[in-house]
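Summary of structural features
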Amino acid sequence: MSKEQNLTFRDLLLVLVSEIETIKRLFYQQEKYKALIHRLSQYNIHERSPLPSQKELLEILDLNRSKLMGLMQDLYDEFRTEISHWYPIKKTDVHIAGKQRNGDFFQVAPDEIKHIPSEGDHISVPFIRNEYGNGGYFQVKMVKHTIEENTHSIVVFVDEDFSLDDL
């Protein structure tokens, strides 16, 4: 695979540590990557513990900077190639989760949505009304994407409480 994109050390580190279990399964037997994978498997991205610095990895693996970056980039490229056929998207689920001015929360899953709004956008969900009979206008606070088992899940977090300055 050609190197379409050379990532920074930090980007490579985050991807490799985030996907370390799959990477171990696929590449741990390859002598080229064994020491790097062993070292990276000591970190858990979900525990929010500090990740190794570039200097730390250079010293532990006894490599110079260009060899370390080349090794990490090669592992990343091979990982992308190997998993590309594992994650075909067969289904997309969209959910809108929100909070109304009165503090009530709701979640809806529209049958069809033609456009996924971006953070800061304003959307109308006309069937969500407040106690005064109006409402249904929300500001998008966050959009979260997850890909798991051939399903792309999108959750759009909205809030009805916004000021005219937000418009």
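Okay, so let's go over this structure.

Quick look at the overall build of the protein
Check the secondary structure of the protein and you find five helices and five strands. Going from the N terminus to the C terminus, the protein shows its helices and strands as α-α-α-α-α-β-β-β-β-β. The buried share of the protein, reckoned over its 167 residues, is 34%. Looking at the protein alone, contacts between residues at least 24 apart form 54% of all its contacts between residues at least 6 apart. Split by element, the accessible area of the protein, about 11,000 Å² in all, is 49% carbon and sulfur.

Notes on the pairing of strand E4 (residues 137-148)
Bridge analysis of strand E3 (residues 122-124) against E4 gives three bridges, and the strand direction is antiparallel. Of the residues in E4, the one forming a bridge with His122 is Gln139. In this structure, E4 lies alongside strand E5 (residues 151-159), joined through nine bridges in antiparallel fashion. Residue pairing for E5: Met142 is matched across the bridge by Phe157.

A look at the sheet that holds E5
Pairing is mixed in the open sheet, where five strands are placed in the order E2-E1-E5-E4-E3. Unpaired on one side and paired on the other, strand E2 (105-108) and E3 mark the two borders of the sheet. Direction aside, the axes of adjacent strands within the sheet are offset by 35° on average.

Some points on the packing of helix H4 (residues 54-61) against helix H5 (residues 65-83)
In contact at an axis separation of 10 Å, H4 and H5 are set at 95° when each is read in the N-to-C sense. Put simply, H4 runs roughly perpendicular to H5. Between H4 and H5, the residues in contact are Gln54, Leu57, Leu58 and Leu61 and Arg65, Leu68 and Met69, respectively. Its residues assigned to classes, the contact of H4 with H5 comprises five nonpolar, one polar and one charged.

As for the layout of surface pockets
Of the pockets and cavities examined, the largest pocket occupies roughly 170 Å³. For the largest pocket, the lining is made up of 13 residues, of which Ile96, Pro110, Ile113, Ser124 and Val125 are closest to its centre. Taken together, the residues that form the lining of the largest pocket break down as 10 nonpolar, two polar and one charged.

Focus: unusual backbone geometry
For Asp62, which is not glycine, the phi torsion reads 55° and is therefore positive. In this structure, Asp62 sits in the loop between H4 and H5.

The rules behind the values
- Sequence order as written defines residue numbering, which begins from 1 separately in each chain.
- The predicted nature of this model means local features are confined to residues of pLDDT at least 70 and side-chain atom pairs, given and counted, to a pLDDT of 80 or more, with totals for whole chains, interfaces and linings taken over all residues.
- Only hydrogens and water are set aside when side-chain values are computed; all heavy atoms of the structure are taken into account.
- Counting from the N terminus, the helices are DSSP H or I runs at least four residues long and the strands are E runs at least two residues long.
- Exposure is judged per residue with a 1.4 Å probe applied to protein chains only, and the accessible area is read against the type maximum: over 50% gives exposed, under 20% gives buried, and values in between give partly exposed.
- The contact definition used throughout considers only heavy atoms, calling two residues in contact when any of these lie within 4.5 Å.
- The Shrake-Rupley method, run with a 1.4 Å probe sphere, supplies the accessible areas, and residue values consider only the shown protein chains as cover.
- Here, a strand pair is defined by DSSP locating no fewer than two bridges between the strands.
- For every element, the axis is a line fit to its C-alpha atoms; helices are fit only across the contacting stretch, and the angle between N-to-C directions ranges from 0 to 180 degrees.
- Should an angle lie under 35 degrees it is considered roughly parallel, over 145 roughly antiparallel, and from 65 to 115 roughly perpendicular; all remaining angles are considered oblique.
- All amino acids are sorted into three groups, where Ala, Val, Leu, Ile, Met, Phe, Trp, Tyr, Cys and Pro are nonpolar, Asp, Glu, Lys and Arg are charged, and the leftover types, Gly among them, are polar.
- Buriedness for pockets is judged along seven lines, at least five of which must meet protein on both sides within 12 Å for an open set on the 1 Å grid over protein atoms alone, while cavities are sets there where a 1.4 Å probe fits but cannot get out, and lining residues have an atom within 4 Å of a point.
- Grid points are joined across faces, edges and corners, and a volume is the space filled by probe spheres set on the points.

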